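# Summary of the model geometry
Take a look at the letters that make up each chain.
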Amino acid sequence: MKPFDYRILDRVTLVSPLGLRFWDRVLGTAISDGLRVTAYRPELPDQQYVAFPNHADVFIVRGLPGLRDFEHGAGDDDFWKTVKPLYTLTIEVQDEQGRFLPFRFDATVPFRGIYSLICPPPPAPPIALPPDVSVPNLPHVPLYSSPARTAPGGTATLYAELAVKSSKAAAAWAWMAVSQGGKVLGRGVADEAGHVAILFPYPPMADKVPGNPLSGMAALPDQAWTLDLTVGYQANAVKVSASGKPDLCQVLMQPAATLDVASVALRYGQPTIVRSSEGGKPLSVVWLV
C-alpha cells in the first residue's frame, strides 16, 4: 500500500499582538482558569476586547483595530524586523473565583513573545528589601492573593489590616513583604479596605527545640520563626479605574513606609495576624506611622 500523497496548497499563520502569562507565586504555576482578562485603548475604554487562554495557559489578545494584516503575517524574524509599536493597551484582570486581587496595567502592542510586567523600582526604602526567590525565571505578570483566598495545604499565612495612624484611613492598595534570614518569603497587596493576605512557604525547620540544644528535631507544633515586615504606601499614589482596578505598577512603586510593628512571630500551622497595640491591648489594625 502506497503512503498517502499530499501537497501543501496554502499555509496560514496567525500572529498575536500580545501574549500574557499570569503567575501565582504561591503555587509556582501559571493560572488561566477563572481569570477574566480584557483589553482596551485608554482613550476608548468602552471598546473592550476579551483575551482567551491557549493550551499553554497564555492569554492571547486578538482582533485589535489596525492589526488585521499583522495578525496574518509570517511571524518569523524577518517579519518582526519590520514591526513597530502601534499603541498602548490597558489590560484589566479580574479573578471570578475570588482568589486574586483585581488589577490593571498598560502594555504596548504589538509585542513579540510573552509579555513580562516590569515596573520601575520604588524609591530606596529605609532598609533594603532582600531578593524574592519566588519570582520565576520566565516572562509573567504576577498575581496577588486576596484576603478571601483559601490557603493551600502546608502554606504559611499572614493577615493584616493596614491603616494610617494620623488619619485612621485604610492604607488601600499598599504592598507588604515578609522576609526571614535575608530572604523575602512572600509579598502581598492590600485591597481597597487595607486588608492584606500573604501566603508563602514555611522557612526551613529548626533542628532543635528552642532552649534545649540536646534535643532532636523540634516537633511541627513547636516550630516558630521571627519574620520581618516591610510595607510600601503613599496616599493617593494609586489611581483606580472606573471598574475599581488599581494600576499594579503604581501599587508596587510606592515608597517604603513605617509600620509600628516591625516583626512578628510565626508558628507552624497557625495563621499569623499582625496587630498594633495601645495600652497593652491589641487593636484590629496595624498602624502605618
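Residues numbered from 1 in each chain as written. Predicted model: local features only at pLDDT ≥ 70, side-chain atom pairs only at ≥ 80, totals over all residues. Heavy atoms only, no water.

## Concerning the overall build of the protein
Let me state the cut-off plainly: By the criteria applied, helices consist of DSSP H or I runs no shorter than four residues and strands consist of E runs no shorter than two, each listed in order from the N terminus. Exposure is judged per residue with a 1.4 Å probe applied to protein chains only, and the accessible area is read against the type maximum: over 50% gives exposed, under 20% gives buried, and values in between give partly exposed. Two residues form a contact once any of their heavy atoms are found within 4.5 Å. Only the protein chains shown count as covering a residue, and every accessible area follows the Shrake-Rupley method with a 1.4 Å probe.
A count of helices and strands for the protein gives three helices and 21 strands. Across the 289 residues of the protein, 42% fall into the buried class. Contacts in the protein between residues at least 24 apart in sequence constitute 67% of all its contacts with a sequence separation of at least 6. As displayed, the protein offers around 15,600 Å² of accessible surface, 55% of which is attributable to carbon and sulfur atoms.

## Quick notes on the pairing of strand 7 (residues 87-95)
Quick note on the threshold: Here the rule is simple: two strands pair whenever DSSP picks up at least two bridges between them.
For strand 7, the buried fraction is high: seven of the nine residues fall into the buried class. Bridging between strand 4 (residues 35-40) and strand 7 involves six bridges; their strand directions are antiparallel. Bridge assignment links Thr38 to a residue of strand 7, and that residue is Glu92. Examined bridge by bridge, strand 7 and strand 8 (residues 103-109) share seven bridges and lie antiparallel to one another. When the bridges of strand 8 are listed, Glu92 appears paired with Arg104.

## Notes on the nonpolar core
What counts, and what does not: Here, nonpolar core means buried Ala, Val, Leu, Ile, Met, Phe, Trp, Tyr and Cys residues that are tied together by side-chain atoms lying within 4.5 Å of each other.
In this structure, Leu20, Phe22, Leu35, Ile91 and Phe105 are the most contacted members of the largest nonpolar core, which totals 40 residues. Contact partners of Leu35, with chain neighbours within four places excluded, come to Phe22, Phe59, Val93, Gln94, Asp95, Arg99, Phe100 and Leu143. In this structure, Ala160, Ala174, Leu185 and Ala190 belong to the second largest nonpolar core, which totals 27 residues.

## Notes on the environment of Pro139
Following the sequence through the fold, Pro139 ends up in the loop between strand 9 (114-115) and strand 10 (141-143). The spatial distance from the C-alpha of Pro139 to the C-alpha of Trp23 is 9.2 Å, given a sequence separation of 116 residues. Apart from the residues within four sequence positions on either side, Pro139 is in contact with Arg21, Ile114, Tyr115 and Ser116.

## Comments concerning the environment of Ala148
Within the secondary structure, Ala148 sits in the loop between strand 10 and strand 11 (155-164). You can call Ala148 exposed: its relative accessible area is 65%. Taking C-alpha positions, Ala148 is 9.7 Å from His195, a pair spaced 47 residues apart along the chain.

## Focus on the packing of aromatic side chains
Formally: Each pair of aromatic rings taken from Phe, Tyr and Trp, with Trp reduced to its six-membered ring, is defined by centres within 6.5 Å and is described as stacked if the planes are under 30 degrees apart, edge-to-face if over 60, and tilted in the remaining cases. Charge-over-ring contacts are defined here by two conditions on Lys NZ or Arg CZ: a distance within 6 Å of the ring centre and an angle within 35 degrees of the ring normal.
Taken as a whole, this structure holds ten aromatic pairs when the rule is applied. Between Phe70 and Phe79, the ring centres sit 5.4 Å apart and the planes meet at 40 degrees, which makes this aromatic pair tilted. Between Phe105 and Tyr115 the ring centres are 5.9 Å apart and the planes differ by 10 degrees, which places this aromatic pair in the stacked class. With a gap of ten residues between them, Phe105 in strand 8 and Tyr115 in strand 9 connect regions that are remote in the sequence. Phe105 gets classed as buried once you look at its relative accessible area, which sits at 1%. An aromatic cluster of at least three residues, connected via ring pairs, comprises Phe22, Phe59, Phe103, Phe105, Phe111 and Tyr115. For the cation-ring pair, Arg41 lies above Tyr87, with the distance from its terminal atom to the ring centre recorded as 4.0 Å. Above the face of the Trp287 ring, Lys168 is positioned so that its terminal group lies 5.3 Å from the ring centre.

## Focus: unusual backbone geometry
Following Val109, the chain continues to Pro110 via a peptide bond in cis, the omega torsion being -5 degrees. For Pro110, the position within the fold is in the loop between strand 8 and strand 9. At Asp57, a residue that is not glycine, the phi angle is positive and equals roughly 60 degrees. Among the structural elements, Asp57 can be located in the loop between strand 5 (49-53) and strand 6 (59-61). Of note, Asn236 is a non-glycine position whose phi angle comes to about 65 degrees, a positive value. Within the secondary structure layout, Asn236 lies in the loop between strand 15 (224-232) and helix 3 (248-252). You can call Asn236 exposed: its relative accessible area is 70%.

## Observations concerning the sheet that holds strand 8
Taken together, seven strands build an open sheet; the order of strands is 8-7-4-5-6-1-9 and the sheet is mixed. The strands lining the two open edges of the sheet, one partner per strand, are strand 8 and strand 9. For strand 1 (residues 18-20) and strand 6, the ladder comprises three bridges, and the chain directions are antiparallel. Bridging from a neighbouring strand, Gly19 pairs with Ile60 of strand 6.

## A word on the pattern of salt bridges
Our working rule: When a carboxyl oxygen of Asp or Glu lies within 4 Å of a side-chain nitrogen of Lys or Arg, that pair is called a salt bridge.
One pass over the full model with this rule turns up nine salt bridges. A salt bridge links Asp33 to Arg99, with the shortest nitrogen-to-oxygen separation between them at 3.4 Å. Residue Asp33 is located in the loop between strand 3 (29-30) and strand 4, and its partner Arg99 is located in the loop between strand 7 and strand 8; the two are separated by 66 residues in the primary sequence. Residue Arg99 pairs with Asp95 through a salt bridge whose shortest N-O separation is 3.0 Å. Shared partners join several salt bridges into a network, and the residues in it are Asp33, Asp95 and Arg99.

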